[in-house]
Amino acid sequence: MSDPVGKLPSELDQLPDRDTEETAEWAASLDAVAKAAGTRRAEYLLRRTLQHAEAAGLALPKLLETDYVNTIPTSAEPEFPGDMEMEAKITAWNRWNAAAMVTRGSKYGVGGHIATFASAAWLYETGFQHFFRGKEADGSGDQLYIQGHASPGIYARAFLDGRISEQQLDNFRQESGGNGLPSYPHPRRLPWLWEFPTVSMGLGPLSAIYQARFNRYLQNRNIKDTANSHVWAFLGDGEMDEPESTAALALASREQLDNLTFVINCNLQRLDGPVRANFRVVQELEAQFRGAGWNVIKSLWGSAWDELFRLDTTGALVRRLREVPDAQFQTYATRDVAYIRQHFFGANAELVQLAGVLSDAKIAECFHSSRGGHEPRKVYAAYKAAVEHKGAPTVILAQTVKGYTLGAGFESKNANHQMKKLTIDEFKGMRDLLGLPIPDSAFADGVVPYGHPGANSPEVRYLNERRAALGGPAPARKVHHVALPAPAERSFAPLIKGSGKQEMATTMAFVRLVKDLMRDKETGKRWVPIVPDEARTFGMESLFPSAGIYSPLGQTYEPVDRDQLMYYKEAKDGQILNEGITEAGAMADFIAACTSYATHGEPMIPFYIFYSMFGWQRTADQMWQLADQLGKGFIVGATAGRTTLTGEGLQHADGHSHLIASTNPASLNYDPAFAYEIAVIVKDGLRRMYGEKPEDVFYYLTVYNEPKVQPAMPEGVEEGILKGLYRFNEASSLESAPAADAPKIQLMASGTAIHWALDAQKLLAADWNVAADVWSATSWGELRREALECDEALLRGEVRTPYVTRALEGVTSPVLAVSDWMRQVPDQISQWVEQDWTSLGTDGFGLSDTREGARRHFGVDAQSIVVAALAQLARRGEVPASAIKEARERYGL
């Protein structure tokens, strides 16, 4: 029998119905309700039935969207445990000082944001008074990701509790003279207060998810008890448009991160206007989070709305709220009651009747200010439900008015994000609204004063008592330095002595070193291998059965390769973080691990290995976040260079990551050519980042997938390796060395390019009687960093010669630099090289070809180096000009 016209088959049609009569009765009942009471009643009953089924734990698809009302009704709200009047006074002082700080700073043109904190003040204050655990109690405390534009409110609270002075408030956004405050949360600029930099929007929510996940990782590996640590991420509804904001929602749900709460301040406005002008962002976010498996709590309406919902016996009000777009609701917040009666309640007869019993004052209160995010009782109820929910992360969608309490000139205005100051009259109006004891005489010379009730006032005593009960001040960053012992020398020995006749790529050399380091009794467990689903590409599958891949569920299946030596092993205490195809997620993991020394007092040694093309190019903003957060660890760009990854072509050809990396002051960038160089660099990196005097730096190493025989380390090269340059092979060491009076040239090469330079050295000697010395440039970036420091010292009257200049002292021959990178990478040091300088590189787009074909295309192979060297010598008159053409013809260039 065919289906009725228009009816699509569903999965239910494929399931056997053991009682068709009962099924028909249910359907008939629904039809009867729709006929007798209307389709709206039928829809209501269905929603209530589905909600009941969900609460009962029945395995049914969840509703993705619920009515535009509070999740927790007023009747179900718990008793508020604090002194609400006292907390209102504290919040009032914080609101005032936040606005005063930004306004006073505006005369210097430094700007600031007022409206964000004004809307979110109670979201923060309720947490500080009742939920956020500090670091002075047992454990690590909570981790707070503060919305960047709300920083003035956090500074204002720190001023109230005595951690920030009035002078510092006046130096908001003016740091160069000392004793200032950074514009946004920034651990590097204010390391005792801020833990997490968040103003690069989207990175905060992503990092918060992986921080919560890393907390569980430490717990499951028995490194740190983080059971009582909760991660709170305060976000803006506009910020949720960033793809990183929602990139890992499924991970948080899949791993049941009930130690995580997102608090999204839904003031319906972003920088230029409404977040969703023609839609409803709250409903959109609810569907997105519920679909991803999160627990969703909506705190939308203040208690003034209770009367309206009680009178809404037909559901007309709830339906109207569900259909009004955000931009129109913002308009209601700024218009008079007559407008609201006409345009909101005038939509149908049921609403007109409802509005008829409402006073103008009640309508104005509801539409102008009464929001769930502005009432501590409702915020408390939402937070309590969030921390008590088990089995899934929670998102709280709290509706607020942007610019709340700042006056009619600010509230709900499209431009309020860019408005940096209030007038004196507006401040006086704000003072009266908040009930602050600030006399008119305090506004001397038209300057708004800061306000403080006194260090021994009831407000400050209450604030300090609450924070003491919760484990001390927050936010706060505390570092208890724990120096890690240096690993045993035997871990580095295989790379130091070379590979003999066996060929080995430097990627494999690094993996082999880390595998040995992970066996170290003292520090082995602290290594955190992180890879975005490319472990087999880098030869890391041997770590799977020994170290295990972290999974909070362990391994609930039998892997297909269980009978093989290197089988895919997942474990609850697994050490490897295999993140799937997400470089952004892997970087967020890396940041959490890199900063564990501060967040949890447990130094970890993470290394994140990836296709070099998909590191800095894709996630450079997170590299800055890592630097801002003072992270320590090893970033490894594997399969590096523009020509070593045969056949992959443009999208996999990295010739520029070292240039991007050079822009980050905290990144120490190395391009080692040999395995022993990797050993020396990693050993020194462990000392500098985790030794007795730890530095707030991280390392970027590029390694290659081209198998080569790895030589043993020559004597006395360690300093040159770490500083960035040393002479690896002199022309005089060749079997057929050039004559003593032969023309000379210095070939400088990094990474895999040193092999082309060594081949060119032999060709120059055998075919052209040119003596070429080959130098290993392990770090163009470190050579430049040290040279810049010398330049800066000169400005202070201190004469210092850069290392690269000293290394080449006495050399009279020209220098030719070559690498698998664009020429700008080695050219970074050219101004400090006193000899004639030129360079070769892989500028331009990559292409698919063999290594030999790609290198000939870019003009960096051994023969091309020879021609370039001859051209350089010909310009000096040291070889005949005809040699250039002859060489091109001989080598088929």
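That block above? That's the structure.
For clarity, every value in this text was computed on a predicted model and none was experimentally measured.

Trainee: Please clarify how the overall build of the protein chain should be interpreted in this entry.
Mentor: Summing up its helical and strand segments, the protein chain has 34 helices and 20 strands in all. When the backbone C-alpha atoms are referred to their principal axes, the protein chain occupies close to 110 × 90 × 50 Å. Taking all 893 residues of the protein chain together, 58% fall into the buried category. A separation of at least 24 residues holds for 78% of the contacts in the protein chain among residues at least 6 apart in sequence.

Trainee: Where do I start with the side chain of Glu 583 in this structure?
Mentor: Within the element layout of this structure, Glu 583 appears in helix 22 (residues 583-594). In this view, Glu 583 contacts Glu 534, Tyr 608, Phe 614, Arg 618, Thr 619 and Gln 622; residues no more than four positions away in its chain are not counted.

Trainee: Could you clarify how one ought to interpret the sheet that holds strand 20 (residues 837-840) in this entry?
Mentor: Spatial strand order, 16-18-17-19-20: five strands in an open sheet with mixed pairing. Strands with a single pairing partner mark the edges of an open sheet, and in this sheet they are strand 16 (726-729) and strand 20. The sheet shows a mean angle of 30° between the axes of neighbouring strands, direction not considered. The pairing of strand 16 with strand 18 (residues 771-776) spans three bridges and is classified as antiparallel. Across the sheet, the residue bridging to Tyr 726 is Ser 776, located in strand 18.

Trainee: Looking at this structure, how should I read the packing of aromatic side chains?
Mentor: Aromatic ring pairs are reported here in terms of the distance separating the ring centres and the angle at which the planes meet. Inspection of the entire model under this criterion finds 48 aromatic pairs. Ring geometry for Phe 262 against Phe 289: centres 6.0 Å apart, planes inclined by 75°, an arrangement best described as edge-to-face. With Phe 262 in strand 3 (residues 260-266) and Phe 289 in helix 9 (residues 281-291), the pair connects residues that are 27 residues apart, well separated along the chain. Grouping residues by exposure puts Phe 262 and Phe 289 together as buried. Judged by centre distance (6.2 Å) and plane angle (65°), the ring pair of Trp 527 and Phe 607 falls under edge-to-face. On the criterion of sequence distance, the pair formed by Trp 527 in strand 7 (residues 527-531) and Phe 607 in strand 11 (residues 605-611) is long-range, its members being 80 residues apart. Exposure remark for Trp 527: the relative accessible area of 0% places this residue in the buried category. With relative accessibility at 1%, the residue Phe 607 sits in the buried group. Cation over ring: Arg 562 sits above Tyr 567, and NZ or CZ is 4.1 Å from the ring centre. A cation sits over an aromatic face here: Arg 890 above Trp 768, 4.7 Å from the ring centre.

Trainee: Looking at this structure, how should I read the pairing of strand 7?
Mentor: Consecutive residues of a regular strand have side chains that alternate between opposite faces of the sheet. The element strand 7 is largely enclosed, with a buried count of five among its five residues. Both faces of strand 7 are covered, namely the face carrying Trp 527, Pro 529 and Val 531 and the face carrying Val 528 and Ile 530. Pairing geometry for strand 7 and strand 11, over four bridges, is parallel. Counterpart to Val 528 in the pairing with strand 11 is Pro 606. Across two bridges, the pairing between strand 7 and strand 10 (residues 577-578) is parallel. Along strand 10, the bridge assignment pairs Ile 530 with Leu 577.

Trainee: When you look at the pairing of strand 4 (residues 295-299) in this model, what are you seeing that I'm missing?
Mentor: Among the five residues of strand 4, five are classified as buried, and the element is accordingly described as predominantly covered. Burial of strand 4 is two-sided: the residues Asn 295, Ile 297 and Ser 299 facing one way and the residues Val 296 and Lys 298 facing the other way are all buried. With five bridges joining them, strand 4 and strand 5 (residues 394-399) adopt parallel strand pairing. The residue of strand 5 that forms the bridge with Asn 295 is Thr 394.

Trainee: How should the pattern of salt bridges be read in this particular structure?
Mentor: Between side chains of opposite charge, a pair can form when the charged atoms approach closely. By the definition in use, this model includes 42 salt bridges. With a shortest N-O distance of 2.9 Å, Asp 170 and Arg 104 are connected by a salt bridge. Linking Asp 170 in helix 6 (residues 166-170) with Arg 104 in helix 3 (residues 84-106), this pair joins segments that are 66 residues apart in sequence. Residue class for Asp 170 comes out partly exposed when judged on its relative accessible area of 28%.

Trainee: Where do I start with the environment of Met 518 in this structure?
Mentor: Looking at the element boundaries, Met 518 is found in the loop between helix 20 (506-517) and strand 7. Given the relative accessible area of 12%, Met 518 is considered buried. Once residues lying within four places of it in the same chain are set aside, the contact partners of Met 518 are Gly 524, Trp 527, Pro 529, Leu 543, Ala 547 and Gln 575.

Rules of the game
Residues numbered from 1 in each chain as written. Predicted model: local features only at pLDDT ≥ 70, side-chain atom pairs only at ≥ 80, totals over all residues. Heavy atoms only, no water. Helix = DSSP H or I, 4+ residues; strand = E, 2+ residues; numbered from the N terminus. Buried < 20%, exposed > 50% of the residue type's maximum accessible area, 1.4 Å probe, protein only. Contact = heavy atoms within 4.5 Å. Pairing = 2+ DSSP bridges. Axes fitted to C-alpha atoms, helices over the stretch in contact; angles between N-to-C directions. Phe/Tyr/Trp six-rings, centres within 6.5 Å; stacked < 30°, edge-to-face > 60°. Lys NZ or Arg CZ within 6 Å of the ring centre and 35° of its normal. Salt bridge = Lys/Arg side-chain N within 4 Å of Asp/Glu carboxyl O.

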